[in-house]
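# Per-entry structural report
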Amino acid sequence: CAGKLGFQNNYVFAVNKKFAPGITRMSQLRENKHQGRYIVAGDEQFFNRPEWRHVRETYKAKFLEIKQMDVSLIYGALESNQVQVICAYSSDGRLNSKDILILEDDEHVLPSYDAILLYSRKGKENVALQRALAPLIEQRIDDHTMRAANWSVDVGDGVTRKAPREAAKDVLAKLRT
């Protein structure tokens, strides 16, 4: 392991502020006025993971329905009020929407998933490779920068989206300044 890159790719729960006003913390989902009122959506694997079991046990929130969806579809469903709560990845640029609020995990149930850089055996012996990748570890890519890069690839400016390679070059340029 060469080291942490600085950002995390955690599971987070989020709401559309228009359709779930006043909710800022996950613990609020267990309040009587919210119990059984909302549909939650997440990717196909999340609802089979131990994290979901821990969320259910700790927060004791009851949902009207649980929908497993491709992660690329949950934002449209949230925007159109087909679902009111989503489980997403914290590095997803689409979370930067002004209408989306990431809920505070106030019981600290969801684990951190730090982005790390791993070398292969051959890569570990490659000094030039280590030197080239060192800025990623030394200067750290923060959550905001990673989310912005992902936004530029997934959403863009509404007209064009960047290729992943272009977004990576932009991140590297930021690290160098």
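Residues numbered from 1 in each chain as written. Predicted model: local features only at pLDDT ≥ 70, side-chain atom pairs only at ≥ 80, totals over all residues. Heavy atoms only, no water.

It is worth spelling out the pairing of strand E5 (residues 85-89) at this point. Among the five residues that make up E5, five are buried, leaving the element largely enclosed by the rest of the structure. Looking at chain direction, strand E2 (residues 11-16) and E5 are connected through five bridges and run antiparallel. Bridge pairing links Val12 to Ala88 in E5. Direction of pairing for strand E3 (residues 39-42) relative to E5: parallel, over a ladder of two bridges. Within E5, the residue paired with Val40 across the bridge is Val85. (Buried < 20%, exposed > 50% of the residue type's maximum accessible area, 1.4 Å probe, protein only. Helix = DSSP H or I, 4+ residues; strand = E, 2+ residues; numbered from the N terminus. Pairing = 2+ DSSP bridges.)

According to the stated counting rule, one finds nine salt bridges in the structure shown. Note that Asp106 is salt-bridged to Arg25, the shortest N-O span being 3.5 Å. Note that Asp106 is positioned in the loop between strand E6 (100-102) and strand E7 (114-117) and Arg25 in the loop between E2 and E3, a separation of 81 residues in sequence. Asp106 sits in the partly exposed class, given a relative accessible area of 21%. Among the residues examined, Arg25 registers a relative accessible area of 30% and is labelled partly exposed. In this structure, Glu51 and Arg49 form a salt bridge, with 3.0 Å as the shortest nitrogen-oxygen distance. On the accessibility criterion, Arg49 (28% relative accessible area) is partly exposed. Connected through shared salt-bridge partners, Lys18, Lys98 and Asp99 make up one network. (Salt bridge = Lys/Arg side-chain N within 4 Å of Asp/Glu carboxyl O.)

Aromatic rings considered in pairs are described by the distance between their centres and by the relative angle of their planes. Tallied over the entire structure, the rule returns nine aromatic pairs. Look at Tyr11 and Phe46: their rings are 4.6 Å apart centre to centre, the planes differ by 55°, and that puts the pair in the tilted class. On the criterion of sequence distance, the pair formed by Tyr11 in strand E2 and Phe46 in the loop between E3 and helix H1 (50-59) is long-range, its members being 35 residues apart. By relative accessible area, which is 7% here, Tyr11 ends up buried. A residue is classified by how much of its surface remains accessible, and Phe46, at 0% relative accessible area, is buried. Taken together, the ring pairs in this structure connect Tyr11, Phe13, Phe46, Phe47, Trp52, Phe63, Tyr89 and Tyr113 into an aromatic cluster. (Phe/Tyr/Trp six-rings, centres within 6.5 Å; stacked < 30°, edge-to-face > 60°.)

What follows is about helix H2 (residues 71-79). Inspection of H2 places Ile74, Tyr75, Ala77 and Leu78 among the buried residues, and these make up the whole buried set. Down the axis, H2 shows its buried residues gathered within 165° of arc, on one side only. Across from the buried face of H2, at angles greater than 90 degrees, the exposed residues are Leu73 and Glu79. Those residues of H2 that are buried are in contact with E2, E3, E5 and E6. The positive-phi residue at the C-terminal boundary of H2 is Asn81, with phi of around 65°. (Arc of directions from axis to C-beta. Contact = heavy atoms within 4.5 Å.)

Looking now at the environment of Ile74. Mapped onto the fold, Ile74 is located in helix H2. By relative accessible area, which is 0% here, Ile74 ends up buried. Along the chain, Ile74 and Leu64 lie ten residues apart, while their C-alpha atoms are 16 Å from each other.

A few words now on helix H4 (residues 127-138). Across its twelve residues, H4 extends 16 Å between first and last C-alpha, which sits within 8% of the 16 Å expected from 1.5 Å per residue. Buried residues of H4: Ala134, Leu136 and Ile137, and no others. Taken end-on, H4 shows its buried residues confined to a sector of 165°, consistent with a single buried face. Exposed side chains of H4 directed beyond 90 degrees from the buried face belong to Ala128, Arg131 and Ala132. Packing partners of the buried residues in H4 comprise strand E1 (3-8), E7 and helix H6 (164-176). Capping the start of H4, Asn126 holds a side-chain oxygen 3.1 Å from the backbone nitrogen of Ala128, two or three residues further along. The first or second residue beyond H4 is Arg140, which carries a positive phi of 60°. (Expected span 1.5 Å × (residues − 1). Polar contact = N/O pair within 3.5 Å; in protein donor to acceptor, adjacent residues only side chain to side chain.)

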